[in-house]
Amino acid sequence: MSRQFFNLYSHGFARVAVGVPRCRVADPVANAAETIALAGQAASKGAALIAFPELGLSAYTCDDLFHQAALLDASLDALASVVAASETLPIAMIVGLPLRVEHLLYNCAVLVAGGRILGVVPKSYLPNYGEFYEARQFNPADSAVVTETRLLGQVVPFGAQLLFELSNFPLFRFHVEICEDLWVPVPPSSFAALAGATVLVNLSASNIVVGKSGYRHQLVSQQSARCLSAYLYSSAGMGESSTDMAWDGQALICENGELLAESERFADSSHLIFADLDLDRLSRERMRMTTFGASVRRHAGEVAAFRLVSFELALARDGVLPLGRTVERFPYVPSDPKRRDERCEEVYHIQVQALAQRMSASGMATMVIGVSGGLDSTHALLVCAKAMDRLGMPRTNILGVTMPGFATSERTLSQARQLMQIVGCSASEIDIRPSCLQMLEDIGHPYSKGQEHYDVTFENVQAGERTSHLFRLANLHRGIVIGTGDLSELALGWCTYGVGDHMSHYAVNASVPKTLISHLVRWVAETGQIGSAGSDVLLAVLDTDISPELVPAKSGQSGNAGDGPEQKSESVIGPSELQDFNLYYTLRFGFAPSKVAFLSHTAWADSSVGRWPEQAHVTRNQYGLADIKRNLGIFLHRFFKTSQFKRSCIPNGPKVGSGGSLSPRGDWRAPSDSESVVWMEELKNIPDQ
């Protein structure tokens, strides 16, 4: 495990490349040499597949020279040299050339690997408009009357409906189409994806005109998104004839709508682009999106027409092969400042609109919200204020209540008071300590007898008392209780079930993770939406340690009313940024712990991958793999406990690590849930270095 853990192929990734060789028109020998050189470079970097441009061995701009036997024979000889070179290269190559099959000429893509030709794919759609005259020289794929052809002494599959699969990596199943095939209303790759292809490859020449580059982006991105696939796109570059057209050599690699790599355009020399495809993620997305399966059923006839060609490739599985793909440290928050601001504004409007609709539908005019002076309730109060503005109601219809308990600090209490004043809501303050003391005394809790006994019950009594007050206030004022807890806390079970922060009439933050909330609050502060004084309060909230403030300082330490030690959530559940990372990949994609740890290590171990170095407020801790494993263990333990709780509906008091997930040394102790035990065993096997 330790030998292979840091290898991307061990985690469902595959490295691919697109080559853009400098070509020479009608010089297959030179073009083959350039192709082989690029393939060697790609193989040395661990790529499993490389795609080259359409008609790359002959060049695209040969026009009627395609009818000359000299060019066709030379192209075939060039293919032979590529096949020979492939014997020593651990990479599959897809090259383009003109081929004669049963007296007809086809524009073809040929797959070569391990000294063999594995299949030939003819172009399906021949453009014969504008600057294109391909139908003058070539025949479309559906003209073929054979499904096999003899090529360089081999009998190989021939046809547009071929799928190629690595037998030693079944997730890596790919399909090849050629240039115009992508530009038609229903590309052949659409059916190939339904037939199981996770990687779609396009050998293109594609001349350049003004605006075409952007349109290629849209085509490739949207096709990869609709097909839940990766898409590799090549283009012809320097060397093609500019008699009638110009060339920019744009190569693209997209995955499920996301651009992973793009080549330099108008480059003078041959060049490569690489991308590490997450084939495991694509497979899981297809499983999750049930309409993908419905499309398979609807187009069963087209799907059944595909033939599978299986072959084995010596993948670079041994040794260290780090992930070359950017993994966002904060997956819920874009790293680009412009996109980040757009995301924050969109999330903010979603929350505001949804709350306004809830208020309108309920016929209520009053919101009741507990304001602690901490991060979650601060953001929830901001959403409430904007919702009232949207509804045309006064903000005084928001009943903000701060409820100091046994461990409430002067800092958070002051922040709560200031925030309610700045927002302009109706503010009140209820000291919950007397009612909590009464309950602790009623149930015979040791604290009521003077003992410093701060257990889960002690904490949940306070959380429950606060929620009980809020619901009774809502009854009294004919309003609804606005919940403030976030998605991260709910996923971890870091909340008090039942009459506690687990409950409300409408929880505005229920689908918003902690890291995103912090950026939403900062966005409001930096855009000055509640004035400079309000921005100062919001920044102070962001600088406050995340804490439920339920356990007071012990005797002999500074009183909790001052700046003494506080109970800190992250000391129990781990850093929020890591937990949200785990949340995203475990709940959203269902990845195994080993893959989540590998992604975490990629995102945090290398400082060059860190996001936003220009912003001092962004945490840039470099977590070691041992830290990542520990916090992933905490997350999985709490996640499985919460899932078990949801299945059985048995309250298990999830505050403060109930169940003893960590020993004093921080070692993992597996919970009893059989499913989590299996995952934890996998987690143990991940090396710490």
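The structure we're discussing is the one just above.
No experiment lies behind these values; they were computed from the predicted model shown.

Asks: What's the story with the pairing of strand S3 (residues 92–101) in this structure? I'm lost.
Replies: A regular strand places its side chains on the two faces of the sheet in alternate fashion. Most of S3 is tucked away, with nine of its 10 residues classed as buried. Of the pairings in the sheet, the one linking strand S2 (residues 49–51) to S3 comprises three bridges and is parallel in character. Bridging across to S3, Leu49 finds its partner in Ala92. Bridge count between S3 and strand S4 (residues 104–113): nine bridges; the pairing is antiparallel.

Asks: Quick question: what am I supposed to make of the side chain of Glu255 here?
Replies: With respect to the element layout, Glu255 can be found in strand S12 (residues 252–255). Overall, the relative accessible area of 3% leaves Glu255 in the buried class. Setting aside chain neighbours within four positions, we find Glu255 in contact with Ser224, Ser229, Ala230, Leu260, Asp276, Leu277, Asp278, Arg281, Leu282 and Arg325.

Asks: Help me out: how do you make sense of the pairing of strand S19 (residues 479–483) in this one?
Replies: Here S19 lies mainly inside the structure; five of its five residues are buried. Where strand S16 (residues 366–370) meets S19, three bridges bridge the pair, whose relative direction is parallel. Along S19, the bridge assignment pairs Val368 with Val481.

Asks: I tried to follow a negative patch on the surface on my own but got confused; where do I start?
Replies: There is a patch of like negative charges on the surface, built from Asp336, Asp341, Glu345, Glu346 and Glu526. Per-element tally for the negative patch: the top contributor is helix H8 (residues 337–362), with three residues. Mapped onto the elements, Glu526 comes out in helix H14 (residues 514–526).

Asks: Just checking my understanding: could you explain the sheet that holds strand S20 (residues 506–507) for this structure?
Replies: Two strands in a sheet stick together by hydrogen bonds in their backbones, pointing the same way (parallel) or opposite ways (antiparallel). The five strands lie next to each other as S18-S17-S16-S19-S20, forming an open sheet whose pairing is parallel. Looking at strand neighbours, the two that pair on one side only are strand S18 (426–429) and S20, the edges of this open sheet. Lying over the sheet, helix H10 (residues 410–423) contacts strand S17 (398–402) and S18, oriented at roughly 165° with respect to S17.

Asks: What exactly am I supposed to notice about the packing of aromatic side chains here?
Replies: The geometry of an aromatic ring pair is captured by the separation of the ring centres together with the interplanar angle, meaning the angle of the planes. Within this structure, the stated rule accounts for 28 aromatic pairs. Look at Tyr348 and Trp523: their rings are 5.6 Å apart centre to centre, the planes differ by 80°, and that puts the pair in the edge-to-face class. A residue pair is termed long-range when its members are at least 10 positions apart, and Tyr348 in helix H8 and Trp523 in helix H14 qualify at 175 residues. In this pair, the class of Tyr348 matches that of Trp523, namely buried. Relative to Tyr585, the ring of Phe581 lies with its centre 4.9 Å away and its plane at 50°, an arrangement referred to as tilted. With a gap of four residues between them, Phe581 and Tyr585 both fall in helix H17 (residues 576–588), about one helical turn apart.

The rules behind each value
What you see as residue numbers is a count from 1 along each chain, following the sequence as written. Owing to the predicted nature of the model, reporting of local features is limited to residues with pLDDT of at least 70; listing and counting of side-chain atom pairs is limited to 80 or more, with chain, interface and lining totals taken over all residues. Only hydrogens and water are set aside; all other atoms, that is, all heavy atoms of the structure, feed into the side-chain values. Burial here depends on accessible area, computed with a 1.4 Å probe over protein chains only, as a share of the maximum for the residue type. Under 20% is buried, over 50% is exposed, and the range in between is partly exposed. Counting from the N terminus, the helices are the DSSP runs of H or I reaching at least four residues and the strands are the DSSP runs of E reaching at least two. Following DSSP output, two strands are said to pair if at least two bridges run between them. In this description, contact between two residues means that some pair of their heavy atoms is separated by no more than 4.5 Å. Patch definition: residues above 30% relative accessible area lacking any salt bridge, with like charges linked at up to 9 Å and the nonpolar side chains Val, Leu, Ile, Met, Phe, Trp and Tyr linked at up to 5 Å. Residue burial considers only the protein chains on display, and all accessible areas are found by Shrake-Rupley using a 1.4 Å probe. The term salt bridge refers to a pairing of a side-chain nitrogen on Lys or Arg with a carboxyl oxygen on Asp or Glu at a separation within 4 Å. A residue counts as positive if it is Lys or Arg and as negative if it is Asp or Glu; His and the chain ends are not included. Working definition for charges: the position is that of NZ of Lys, CZ of Arg, CG of Asp or CD of Glu. All axes here are fitted lines through C-alpha atoms, helices being fitted over the stretch that makes contact, and every angle between N-to-C directions spans 0 to 180 degrees. Think of it this way: a Phe, Tyr or Trp ring, Trp meaning its six-membered ring, pairs with another when their centres are within 6.5 Å, and the plane angle makes it stacked under 30 degrees, edge-to-face over 60, tilted otherwise.

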